[in-house]
Amino acid sequence: MHASYKSLLILLFLSIVVNAYCQKTADTTSAATILNPAKEKSTIKIGADYMSNNVFMGRTGLITTPIISPTAKYTFGFGLYVSSDADFLPDNKKNKLDGGNLTAGYDFDITDNLSGGISYSKLFYNANSTLIGSSITNTFDANLDYNIANIITPSVTADYNLNSGAAGDFFLNISVSHDFIIERPFASNDAFIISPTIATNVGTQNFYNAYIQKKVFKNKKVSAAVTKFETTLSQFKTLDYEFSAPLEYKIGVLIIQFTPTYAVVQNGFKSAAVAKAVGLSNNNDVVYFDAGLAFKF
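Note that the structure is predicted; figures quoted are calculated from it, not measured.

A.B. asks: Account for the overall build of the chain, naming residues and giving values.
C.D. replies: Looking only at helices and strands, the chain has five helices and 15 strands in total. Burial statistics for the chain: of 297 residues in total, 41% are counted as buried. Partitioning the contacts of the chain with sequence separation of at least 6, the portion at a separation of at least 24 is 59%. Per element, the accessible surface of the chain, about 15,400 Å² overall, is 61% carbon and sulfur.

Structure, rendered in structure tokens:
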């Protein structure tokens, strides 16, 4: 990725944080009503996301791989939901449909300030997929968010993934964020929210084992270095630090989202030669973004 592009996104993140703190935070109760309709009402959400590069826990391939993901989600009034999405790789000449998933979950409030959720996802990938997480077949997820005096919201998310051709992985995401909500900036029924977030991912890396062995590992000359690296994949380590600024604008049933992210990679490949041999990047950091458009009824 060009240094100028990376610097531009970093500056965008910093400017968003600074400008957001200069804004007066609107009344959170009424803003929450605008952004999240009453829970007793069932909703359906249909849209599509665009990710500028395939990034998983800060890990990327040698080639930038954008992904387009059509999505659909139905949420029952009491918090249960089902969703699905598909992954299309627009830069691929063949096998543009790379995979997808089916998810069922339940979101709930424990107190006025403490909320949580649990979910299960079944993932599908093309047999020739070279996406970083393409060995993952099943994901079990649980999360908790605690709003402290409408100032900051610490969050903890725990994932357990089953991998095809490798042992499972356990991940823990710990983050802190703050929501700045601006009501009716342009119309009587719209809202704008900015959520500067700092997060870290820790966990095991067995997904790398399946990726290396089944997808791209061809060079026997680096087998010793790869084998040494693989002996550490089951160890629980810090994977990356992430700085992001999710933006969301909603007017009526339309929702527009944009999230720039800067990830500082930890405990990845140390050798550029070995990383290149197995088709992976050993960059110390990565900048990418996710953009989405959806309709929620």
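A.B. asks: A description of the pairing of strand β6 (residues 136–146) should follow, citing residues and the corresponding values.
C.D. replies: Looking at chain direction, strand β5 (residues 114–125) and β6 are connected through nine bridges and run antiparallel. For Lys122, the partnering residue across the bridge sits in β6 and is Asn138. Across nine bridges, β6 lies against strand β7 (residues 153–163) in antiparallel orientation. Considered in β7, the bridge of Leu144 is made with Val156. Remark: six residues form the turn of the hairpin made by β6 and β7, two consecutive strands paired antiparallel; Ala149 in that turn has positive phi of roughly 55 degrees.

A.B. asks: Please set out unusual backbone geometry residue by residue, giving values where relevant.
C.D. replies: The phi torsion at Ala149 lies on the positive side, around 55 degrees, for a residue other than glycine. Notably, Arg184 is not glycine yet its phi reads approximately 50 degrees, a positive angle. One can find Arg184 in the loop between β9 (180–183) and β10 (190–194).

A.B. asks: How would you explain the environment of Leu162 if you had to name every residue and give the values?
C.D. replies: If you trace the backbone, Leu162 turns up in strand β7. Classification of Leu162 by relative accessible area gives partly exposed; the value is 32%. It is 10.0 Å that separates the C-alpha atoms of Leu162 and Leu123, two residues lying 39 residues apart in sequence. Ignoring any residue separated from it by four or fewer positions in sequence, one finds Leu162 in contact with Ser135, Ile136, Thr137, Asn138 and Phe140.

A.B. asks: Go over the packing of aromatic side chains, please, and point to the residues and values.
C.D. replies: Summed over all chains, the structure comprises 13 aromatic pairs. Ring plane angle 35 degrees and centroid distance 5.1 Å describe the contact between Phe207 and Tyr208, whose orientation is recorded as tilted. The same class applies to Phe207 as to Tyr208, namely buried. With 5.5 Å between their ring centres and 40 degrees between their planes, Phe258 and Phe289 make a pair best called tilted. Of this pair, Phe258 sits in strand β14 (residues 254–265) while Phe289 is found in strand β15 (residues 285–296), placing the two residues 31 residues apart along the sequence. Through a chain of ring-to-ring contacts, the aromatic side chains of Phe56, Phe171, Phe207 and Tyr208 assemble into a single cluster.

A.B. asks: I'd like a rundown of the side chain of Gln205, residues and numbers included.
C.D. replies: Turning to its location among the elements, Gln205 is positioned in the loop between β11 (197–203) and α3 (206–216). Within polar-contact distance, the side chain of Gln205 engages the side chain of Arg59 at 2.9 Å. Among all residues touching Gln205, those that are not within four sequence positions of it are Arg59, Asp169, Leu233, Leu239 and Asn267.

A.B. asks: So what's going on with the side chain of Thr139? Which residues, and what values?
C.D. replies: Relative to the helices and strands, Thr139 is located in strand β6. Look at Thr139 and you get buried, because its relative accessible area is 14%. A polar contact of 2.9 Å, which involves the side chain of Thr139, links it to the side chain of Asn161. Ignoring anything within four residues of it in the chain, the contact list for Thr139 reads Ser119, Tyr120, Ser121, Leu123, Asp159, Tyr160 and Asn161.

A.B. asks: How would you summarise the environment of Gly77 if you had to cite specific residues and measurements?
C.D. replies: You can see Gly77 is positioned in the loop between β2 (67–75) and β3 (80–88). Of the residues examined, Gly77 reaches a relative accessible area of 14% and is grouped as buried.

Calculation notes
- Residues numbered from 1 in each chain as written.
- Predicted model: local features only at pLDDT ≥ 70, side-chain atom pairs only at ≥ 80, totals over all residues.
- Heavy atoms only, no water.
- Helix = DSSP H or I, 4+ residues; strand = E, 2+ residues; numbered from the N terminus.
- Buried < 20%, exposed > 50% of the residue type's maximum accessible area, 1.4 Å probe, protein only.
- Contact = heavy atoms within 4.5 Å.
- Areas by Shrake-Rupley, 256 points an atom, 1.4 Å probe, with all protein chains shown as cover.
- Pairing = 2+ DSSP bridges.
- Phe/Tyr/Trp six-rings, centres within 6.5 Å; stacked < 30°, edge-to-face > 60°.
- Polar contact = N/O pair within 3.5 Å; in protein donor to acceptor, adjacent residues only side chain to side chain.

Read these as layout, nothing more, since geometry by itself doesn't imply function.
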